[in-house]
Amino acid sequence: MFKRYIQYLLASKNEHAIHSPFVFELYTRIIKAKEAKSEQFRLIESLRKRLLKDTTVIEITDFGAGSKIYNSNLREIRQIAQGAEKPSKFGKLLFRLIQHFKPKTIFDLGTSLGMTTLYEAKANANAQVITFEGCPTTAKIAQDNFNALNAKNIEIVVGNLDETLQSEIQKIEQLDFAFFDANHRYEPTVKYFEICLQKATESSLFIFDDIHWSEEMQDAWHYIKAHPQVMITIDLFFIGLVFFRKNQPKQDYILRF
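Residues numbered from 1 in each chain as written. Predicted model: local features only at pLDDT ≥ 70, side-chain atom pairs only at ≥ 80, totals over all residues. Heavy atoms only, no water.

### Comments concerning the packing of helix H5 (residues 88–101) against helix H6 (residues 115–123)
- In contact at an axis separation of 8 Å, H5 and H6 are set at 25° when each is read in the N-to-C sense. Taken together, the axes of H5 and H6 lie roughly parallel to each other. Between H5 and H6 lies a crossing of right-handed hand. Across the interface between the two elements, Ser 88, Gly 91, Lys 92, Leu 94, Phe 95, Ile 98 and Gln 99 from H5 touch Thr 116, Tyr 119, Glu 120, Lys 122 and Ala 123 from H6.
- Within the contact of H5 with H6, the residues separate by chemical class into five nonpolar, four polar and three charged. (Axes fitted to C-alpha atoms, helices over the stretch in contact; angles between N-to-C directions. Helix = DSSP H or I, 4+ residues; strand = E, 2+ residues; numbered from the N terminus. Parallel < 35°, antiparallel > 145°, perpendicular 65-115°, else oblique. Left-handed = near helix turned anticlockwise from the far one by under 90°. Contact = heavy atoms within 4.5 Å. Nonpolar A, V, L, I, M, F, W, Y, C, P; charged D, E, K, R; others polar.)

### Side note on a nonpolar patch on the surface
- Residues Met 1, Tyr 5 and Phe 238 make up a contiguous nonpolar surface patch of about 240 Å² in total accessible area.
- Secondary-structure assignment places Tyr 5 in helix H1 (residues 2–11). (Patch = residues over 30% accessible without salt bridge, like charges linked within 9 Å, V, L, I, M, F, W, Y side chains within 5 Å. Areas by Shrake-Rupley, 256 points an atom, 1.4 Å probe, with all protein chains shown as cover. Salt bridge = Lys/Arg side-chain N within 4 Å of Asp/Glu carboxyl O.)

### Here we look at the sheet that holds strand E3 (residues 105–109)
- Ordered by their spatial adjacency, eight strands build an open sheet running E5-E4-E3-E6-E7-E9-E8-E10, and the pairing between neighbours is mixed. The sheet terminates laterally at strand E5 (154–158) and strand E10 (251–254), the two strands that pair on one side only. Strand-to-strand twist across the sheet, computed as the mean angle between neighbouring axes with direction ignored, equals 15°.
- Pairing of E3 with strand E6 (residues 175–180) involves four bridges; the strand directions are parallel. Across the sheet, residue Asp 108 finds its bridge partner in E6, namely Phe 179.
- The strands that helix H2 (residues 21–31) touches are strand E8 (232–235), strand E9 (239–243) and E10; relative to E8, the one it contacts most, it runs at about 35°. (Pairing = 2+ DSSP bridges.)

### Focus on the side chain of Ser 112
- Mapping Ser 112 onto the fold places it in the loop between E3 and H6.
- For Ser 112, a relative accessible area of 12% gives the class buried.
- Beyond its immediate stretch of four places on either side in the chain, Ser 112 contacts Ile 80, Ala 84, Glu 85, Glu 133, Thr 138 and Ala 142. (Buried < 20%, exposed > 50% of the residue type's maximum accessible area, 1.4 Å probe, protein only.)

### Examining the side chain of Arg 48
- Secondary-structure assignment places Arg 48 in helix H3 (residues 39–51).
- For Arg 48, the side chain forms a polar contact with the main-chain oxygen of Lys 86, separated by 3.0 Å.
- If we skip the residues at most four places from it in the chain, Arg 48 touches Glu 85, Lys 86, Pro 87, Ser 88, Met 115 and Tyr 119. (Polar contact = N/O pair within 3.5 Å; in protein donor to acceptor, adjacent residues only side chain to side chain.)

### Observations concerning the environment of Lys 191
- Mapped onto the elements of the fold, Lys 191 is located in helix H9 (residues 186–197).
- By relative accessible area, Lys 191 is classed as partly exposed at 37%.
- Along the chain, Lys 191 and Ala 220 lie 29 residues apart, while their C-alpha atoms are 9.9 Å from each other.

### Observations regarding the packing of aromatic side chains
- Evaluated as defined, the whole model comprises 20 aromatic pairs.
- Consider the rings of Phe 193 and Phe 206, whose centres lie 6.3 Å apart with planes at 90°: the pair is edge-to-face. Separated by 13 residues along the polypeptide, Phe 193 in helix H9 and Phe 206 in strand E7 (residues 200–209) bring together distant segments of the chain. Judged on exposure class, the residue Phe 193 and its partner Phe 206 are both buried.
- Here the aromatic residues Tyr 5, Tyr 8, Phe 90, Phe 237, Phe 238 and Phe 257 are joined through ring pairs into a cluster of three or more. (Phe/Tyr/Trp six-rings, centres within 6.5 Å; stacked < 30°, edge-to-face > 60°.)

### Remarks on the pairing of E9
- Burial of E9 is extensive: five of the five residues sit out of reach of the surface.
- Residues Ile 239, Leu 241 and Phe 243 point to one face of E9 and Gly 240 and Val 242 to the other, with burial holding for every one of them.
- Of the pairings in the sheet, the one linking E7 to E9 comprises five bridges and is antiparallel in character. The residue bridging Phe 208 from the neighbouring strand is Gly 240, located in E9.

Right, here's the structure in full:
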């Protein structure tokens, strides 16, 4: 990861290298926006602090690529909060993106304890947020967290994503926003992308987590960038943004965040 990050720093650019008005505005006004104080942010981060101190041990069900740190399926909740949850910097970015694009239907592939899901749900209370979690024990904790913050626009789908995603995609008319943070391997990532692509529109935004986490994830990211329906990608190293805007030339950006 360190070597990949150095390569990213050497290749990444800032707003001066952006020629697309759409990407320039998105980068300067949304991605690089100064953090605004928000009561919603305070509540979510207060919840995170509590979880980071929780020594309760649970047994997790993991259908994904597993952990690079832990060999056992027994975890303290604080370990999950520290390792599986995205830092607040990225939760707040998702919040800003959702406030900007105003998606009505959001898929969150990989609930964990629900911190990222809460940022998504609180960004647009009128959106339908469907979040997918393989582990029933983790899903119950996430639901408790949603209840604690009165996030009523979230629905958790529990089970193996290989089985649940296809059935859920058939229930919606279109998918406006999707965050992919589930199985960090090549084949599942590409499979989930292709399934969600069935209901993507020209205005949809897909975001992929940990695109440089492994060789498999980098290969999956290259596949997604090369897909004929994908027109614009933005590589922020830890996450990648994917747009389907047909009126723009195909462009790939590596930008500093």
